[in-house]
Amino acid sequence: RYVRQLQRLQLLFSPTAADARGARQFVEEAALDFARRHPDVVLYISPRAGLAPVLLAEYLNGTVREELIASKTSEEIVQLATKLARQSGLDIIRIRKPFHTDNPSVQGQWHPLTNKPSALTVQGPRLQPQ
Amino acid sequence: VAKTSLTSPPWPEVKLPDPVEEAKYHAEVVQKVNKMIATGQYGRLFAVVHFASKQWKITSEDLIMMDNVLEAECGDRIRMEKVLLVGADDFTLIGRPLLGKDLVRVEATVIEKTESWPKINMRFWKRHNYQKKKIIVHPQTVLRINTIEIFPCLS
């Protein structure tokens, strides 16, 4: 069972600014398709005048990511939105290990005394095996 | 002929058992392991899987990340073939080099498809007025291993 980590996408743009043309085209043409393809993401579209057009993405762990969509075509915005929809809300920093386990050892962790005969069975010059 | 220090090799001489007896012993061990698997007496299973040109040691419910793009969408279940080794608490099944597909089943789900952190690729030669800077961002996929199952069809 898979839970998408993206909670909502807020599209804020102004209806008159020139750099929000791609956002307006996206809203007219591709927003419905995007919403239908990702039924568990809520898409809010609200007009906001005076500031640059922005795509806000909120994730289930509370992180909020802002992406500028000024002077971008509708296809680029679609690609950006799908990329954000597939991400999770963790910070994009250097991860040290590409794997993570909660149970790293199944047969017991190796220590230097595994697979060695114990002192009771070793035959030394004076010590007889018991 | 007199025995010198080089008549016999320095390692202890090993006597191989009788082939007939050995075959009987092998069959017995195989039957025992089969019965154990059929009754379900194993606890946690781990497997060594060859995936994305790397070999991973995986158990159930653990995360794996790879630096490429998989064609599956987020939330798809994937079955991993190319299993080299499967082990439990008491027994291990070693493949030469792979185990059969009717013996092991490893399932994983695609959780996330993000991009990596922006890596800087810069070249600089001093006193030559030469520098180039490029920021590389490559896509990554995160998988979670759901289950590892074995079926009692050894021979």
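Values in this document were obtained by computation on a predicted structure and should not be read as measured data. (Residues numbered from 1 in each chain as written. Chains lettered and ligands numbered in written order. Predicted model: local features only at pLDDT ≥ 70, side-chain atom pairs only at ≥ 80, totals over all residues. Heavy atoms only, no water.)

The helix and strand tally for chain A stands at three helices and five strands. Here the C-alpha radius of gyration of chain A, 28 Å, is well above what a compact globule of 130 residues would show, namely 14 Å. Taken along its principal axes, the extent of the C-alpha atoms in chain A is 95 × 30 × 25 Å. Long-range contacts, defined here as pairs at least 24 residues apart, represent 66% of the contacts in chain A between residues at least 6 apart. Looking at chain A as shown, the accessible area adds up to about 9,100 Å², and 53% of this sits on carbon and sulfur atoms. Across chain A, the 17 positively charged side chains and the 12 negatively charged ones have centroids separated by 13 Å. (Helix = DSSP H or I, 4+ residues; strand = E, 2+ residues; numbered from the N terminus. Rg over C-alpha atoms; globule rule 2.2 N^0.38 Å. Contact = heavy atoms within 4.5 Å. Areas by Shrake-Rupley, 256 points an atom, 1.4 Å probe, with all protein chains shown as cover. Lys, Arg positive; Asp, Glu negative; His and termini not counted. Charge placed at Lys NZ, Arg CZ, Asp CG, Glu CD.)

Our next topic: the pairing of strand 5 (residues 83-87) of chain B. Residues and elements named next belong to chain B. Of all the five residues making up strand 5, four are buried; the element is thus mostly covered by neighbouring parts of the structure. Relative to strand 5, strand 1 (residues 46-51) runs antiparallel, the two sharing four bridges. Considered in strand 5, the bridge of Val-49 is made with Val-83. Examined bridge by bridge, strand 5 and strand 6 (residues 92-94) share three bridges and lie antiparallel to one another. Bridging across to strand 6, Val-86 finds its partner in Leu-93. What sits between the antiparallel neighbours strand 5 and strand 6 is a turn of four residues. (Buried < 20%, exposed > 50% of the residue type's maximum accessible area, 1.4 Å probe, protein only. Pairing = 2+ DSSP bridges.)

Our focus in this paragraph is the environment of Leu93(B). Residue and element names in this part refer to chain B. Its place among the elements puts Leu-93 in strand 6. Residue classification places Leu-93 among the buried positions, given a relative accessible area of 9%. Excluding anything up to four places from it in sequence, Leu-93 contacts Val-33, Leu-84, Leu-85, Val-86, Leu-99, Ile-150 and Leu-154.

As a further point, take a negative patch on the surface. All names here are of chain A. A surface patch of negative charge is lined by Glu-28, Glu-29, Glu-75 and Glu-76. Its place among the elements puts Glu-75 in helix 3 (residues 74-86). Its relative accessible area of 58% is what places Glu-75 among the exposed residues. (Patch = residues over 30% accessible without salt bridge, like charges linked within 9 Å, V, L, I, M, F, W, Y side chains within 5 Å. Salt bridge = Lys/Arg side-chain N within 4 Å of Asp/Glu carboxyl O.)

Another aspect to go through is the sheet that holds strand 4 (residues 64-68) of chain A. All names here are of chain A. Strands sit in the order 2-1-3-4 across an open sheet of four strands; the sheet is mixed. The sheet is open, and its two borders are formed by strand 2 (42-47) and strand 4, each paired with just one other strand. Sheet twist, expressed as the mean angle between neighbouring strand axes with direction ignored, is 20 degrees. As paired elements, strand 3 (residues 54-59) and strand 4 share five bridges and run antiparallel to each other. The residue bridging Leu-55 from the neighbouring strand is Glu-67, located in strand 4. On top of the sheet, helix 1 (residues 21-29) reaches strand 1 (6-13) and strand 2; it is set at about 125 degrees to strand 1, its chief contact. Helix-sheet contacts for helix 3 involve strand 1, strand 3 and strand 4, and the interaxial angle to strand 4 is about 165 degrees. (Axes fitted to C-alpha atoms, helices over the stretch in contact; angles between N-to-C directions.)

Further remarks concern the UniProt feature "domain: Ribosomal protein/NADH dehydrogenase" (unreviewed entry) in chain A. The UniProt record annotates "domain: Ribosomal protein/NADH dehydrogenase" (unreviewed entry) at residues 15-88 of chain A. Across residues 15-88 of chain A, the secondary structure splits into 39% helix and 23% strand, with the terminal C-alpha atoms separated by 30 Å. (UniProt positions renumbered as here; feature names shortened; annotations may be inferred.)

Right, let's talk about the side chain of Lys113(B) for a bit. If you trace the backbone, Lys113(B) turns up in strand 7 (residues 104-115). It is Glu73(B) that comes nearest to the buried, bridge-free Lys113(B) among opposite-charge side chains, at 4.8 Å. A polar contact of 2.8 Å, which involves the side chain of Lys113(B), links it to the backbone oxygen of Leu70(B). Ignoring anything within four residues of it in the chain, the contact list for Lys113(B) reads Lys83(A), Arg86(A), Gln87(A), Leu70(B), Ala72(B), Cys74(B), Gln140(B) and Thr141(B). (Polar contact = N/O pair within 3.5 Å; in protein donor to acceptor, adjacent residues only side chain to side chain.)

Moving on to helix 1 of chain A. Residue and element names in this part refer to chain A. All of the buried residues along helix 1 are Gly-22, Ala-23 and Phe-26. Seen along its axis, helix 1 keeps its buried residues to an arc of 100 degrees; they face one direction. Opposite its buried face, helix 1 presents the exposed residues Arg-21, Glu-28 and Glu-29, each directed more than 90 degrees away. In this structure, the buried residues of helix 1 make contact with strand 1, helix 2 (31-37) and helix 3. (Arc of directions from axis to C-beta.)

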